[in-house]
Each structure stands twice: as C-alpha cells, then as structure tokens.
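A look at the structure
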Amino acid sequence: MRAPAMRRSAVLLSAIALVLTACGGGGAGRGGGGIGDGGDGVLNLGYVLPETGQLASLGASQIESVKLAIEEINDAGGVLGQPIPEAVSTDEGGQPEVAVRSAGEVLSRGVDAVIGAAASSMSLAIIDNVTGSGVVQCSASNTAATFTDYPDSGLYFRTAPSDNLQAAALSKVITGDGHERVAVVARDDDYGRGLLESTTKALESSGATVVLGETYAPESESFDQLTRKLRDADPDAVVVVAFEEGAKVLQAMIEAGVGPRDLGVYGADGLRNTELPEMVSADDRGALAGMKGTAPTADNDEYRERLRKFAPDLREIQFAPQAYDCVTIIALAVEAAQSDDPTVFAAEINRVTRDGEKCTSFAECKKLLDRGEDIDYDGVSGPLEFTEQGEPDKGVFDVYAYDESGELQVVGTREESSN
C-alpha cells in the first residue's frame, strides 16, 4: 500500500532541495531556457528528437511512439483527469548547437518533461539546461555509461540500458562464436568511446585479447588508415561502433579484405538498420552476410503491430518501445505524486517501475494507483526495474544478423543485469 502523507512530505522536501539546486544554474551558459510550470494540473510534454540528420530514421519511430503513448493515455482518461496536450516538437538535428536551440524552445513553452535526445552526445549538450530548469528529461536511446552518475538533480532518466550491459551481451556473442583476437573501432564521441572501453573490458574479462582499440572521426572522408591498422592487428573479429557513417567504414573494410566475408564483424545498436546493406553496397546486398550485432530489444510483436497501425509508413522501430515507456512512466509518476510539478513527480519515476503490483499499461497501472497500491510497471520494452540512478538495472538485447539477401534477422536475445 502507498503511504501518501508521509511520502508526500518527503517528496516536497526533496522538491525544495531540487528547486534550490536548479536555481543555482547548472546550464545557464548553454543557450538559456525556461522553467517548468511548477504544476498547473496538466502534464505538458515536449521532445528533442532527430527529425533530420544521421539519426532521422531512429527519430521517426521515437516521435511516433511518443504520439501513440499520449493518445493511449488520453483514451484511458488522461493524467490527473486532464488530457495530455500535443507534445511540443523540436529537431535534435545531429548537431549540439541545434539540440541546444531546440531544448531552449521546448523549455520556453513551460513543459514538465522532455523526451530525448536520441544521441548520447546530444543529450550531454542539453541535460544541464533541462534538468537545471527543474524539468524532467527521459531518453529512450541514450546508452552511454556517462549518464549513470551524471549530476542531474534526480531529474534525468532513461529507458535504454547502459552500454555497460550491452558490452557484456556483445562480448558473449563474440566469444560464443569462438573469436579470441578482437579489434574494436568506434566513432570518436561519448557513445563510441564509452562502448569501446566497456566492450574492451568485457571481452578481456571473457578471456579474449583485444588487439586494437581505435577511435575515428565520424566525418572523415577516408577510412584507409583505419583499415590498415585493422589489417596490421591481425584480428579474427572486428567490432564497429558507429551510426550511419558506419556504412563507409564497412565499405573500406570490405575493400581492404577485413569485411564480413573475411572474418567476424559485429556491430552495436547504431548499426541495426534494415537499410545498411543497401548503404554499404547497392550492387551486392549480401556483402554484410554473417555480420552480427546487439541492440536493446525492439522485438515486441504486439507493440510493433500497434505502432505500425498508428504510423504505417515507419520502417525502423529501434528504440521505439523505449520512447513509449518514457511517456508512460512519466504519466504514471504524475498520477502517483498527484502533481505535475517535475520536482515532485520525479521522485516517483523510479518507484513506479519496481517493488509493487505488476501492471503493463497506463490504464491498468492507474487503476492500481487509484486503489492506493504501489505499482511495478513492466513496459513494452521489457521490465524496467529502475535503479536509484533512474535507469534499468537489466537489459534485454536482441542479437541481430544480416543474411545473404541483405535481410536483417533477429537470431536470439540476451539478458544482462547490473547486479
């Protein structure tokens, strides 16, 4: 059962501390921004997600998931008895300065929570502004380990598991395939560097030898120097941590004789893309045959059908379930706190994901809350079980592979835990 009076007092004291921290100004130098409305009885949401740029395909599925979540919550009666208005929409754009301007626009509209950004580097550009303004931020696809201990005044959350968990899953796939000498190449940003470091540690803990760990500038025109280093290292497997530019990296590897037909090649979530084979070689869609990778699960058939019925033109749904869950846990936290003040309901976000009565939808969970029960929301992206740091303590990962016709297949799943 819930203990409203005692808990509310604790939450309000926490809220005062959070507001004082926020007013101290963590992000004043990053482009300005507004302050959350402090609770007006209506949950107002905005998003900073990629409508353009390298991650636009990833952004589309997250944006539609945000819209679907809002529609389904409103169909269930809304939050605090009021419908959630249409989310304030802005473009992440794949550039820090664009993301900062967008976050400023969203904050100026008095939102209570921001969904996004998609890329870890873009969230690092805006997190001080958002949380420093006393507004909750929830990302569906930030995987960089940096965020686990980031000083965010308890206002930043993510539904995607940390790359520390993905690295464990990826290393087990690689060593399970019998590889012992592994090279890891990664884009030179927080996502790439973090996953390179955590994958290296996981591989070495599994008994493999990491013969090369190398970063590259994602905007490079040529990757010949990188492929020379790969050849010289003589690996039996290569991990490529990349986004869309990974197509050029893979082209260079194939030309240099270190592609999927020559040795084991593996990717992470950034290379899970149905269009990747076409991007690498329009004339030979089988060029990536045998390449494998891991990514936080998108293998929820029931949710996929709901989303595609809602948005029929979507092609990619990577991180779509996680975006839906961001909206849902925020709405449930507002209901649990009986306040849309971010500095109050933030304290409930972790709680609604663990240690209560199991429920799997906003409507079902709200009925339990209305009866005074604690809830444990299991989302469309899987059981969330948030830690104190506001992130899943378990990660369920799809193991994907490209076949001879260039089709992306899910060939297995792995679950990893931080405990």
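A few words now on the sheet that holds strand β13 (residues 382-383). Pairing is mixed in the open sheet, where three strands are placed in the order β11-β12-β13. With partners counted over all chains shown, the strands left at the sheet margins are β11 (357-359) and β13, one partner each. Along the sheet face, helix α11 (residues 320-337) touches β12 (375-379) and β13 and points at about 165° away from the line of β12. In this fold helix α13 (residues 362-370) packs onto β11 and β12, with an angle of close to 150° to the strand it touches most, β11.

Turning to the pairing of strand β15 (residues 408-417), a few remarks are in order. Note: strand β14 (residues 394-402) against β15, nine bridges, orientation antiparallel. Bridge pairing in β15 places G395 opposite E416. Between the antiparallel neighbours β14 and β15 lie five residues, among them G406 with a positive phi of about 85°.

Applying the stated criterion to the full structure yields two cavities of 30 Å³ or more. A volume near 290 Å³ is recorded for the largest cavity. For the largest cavity, the lining is made up of 22 residues, of which L55, L58, D269, G270 and R272 are closest to its centre. Sorting the residues of the lining of the largest cavity by element identifies α2 (56-75) and α9 (276-280) as the ones contributing at least two each. Of the residues assigned to the lining of the largest cavity, the class counts are ten nonpolar, eight polar and four charged. The calculated volume of the second largest cavity comes to roughly 100 Å³. Along the walls of the second largest cavity sit 13 residues, with S381, P383, K394, G395 and V396 positioned nearest its centre. Looking at the lining of the second largest cavity, its residues break down into six nonpolar, five polar and two charged.

Time to look at α13. Buried residues of α13: F362, C365, K366, L368 and L369, and no others. Along the long axis of α13, the arc covered by the buried residues comes to 160°, so they all point the same way. Structural note: α13 exposes K367 and D370 on the side pointing more than 90 degrees away from its buried face. In this structure, the buried side of α13 is in contact with α2, α11, β11 and β12. A positive phi of about 85° marks G372, the residue just after α13.

Rules used throughout
Residues numbered from 1 in each chain as written. Predicted model: local features only at pLDDT ≥ 70, side-chain atom pairs only at ≥ 80, totals over all residues. Heavy atoms only, no water. Pairing = 2+ DSSP bridges. Helix = DSSP H or I, 4+ residues; strand = E, 2+ residues; numbered from the N terminus. Contact = heavy atoms within 4.5 Å. Axes fitted to C-alpha atoms, helices over the stretch in contact; angles between N-to-C directions. 1 Å grid on protein atoms, 1.4 Å probe; cavity = no way out; pocket = protein on both sides within 12 Å on 5 of 7 lines; lining within 4 Å. Points joined across faces, edges and corners; volume = space filled by probe spheres on them. Nonpolar A, V, L, I, M, F, W, Y, C, P; charged D, E, K, R; others polar. Buried < 20%, exposed > 50% of the residue type's maximum accessible area, 1.4 Å probe, protein only. Arc of directions from axis to C-beta.

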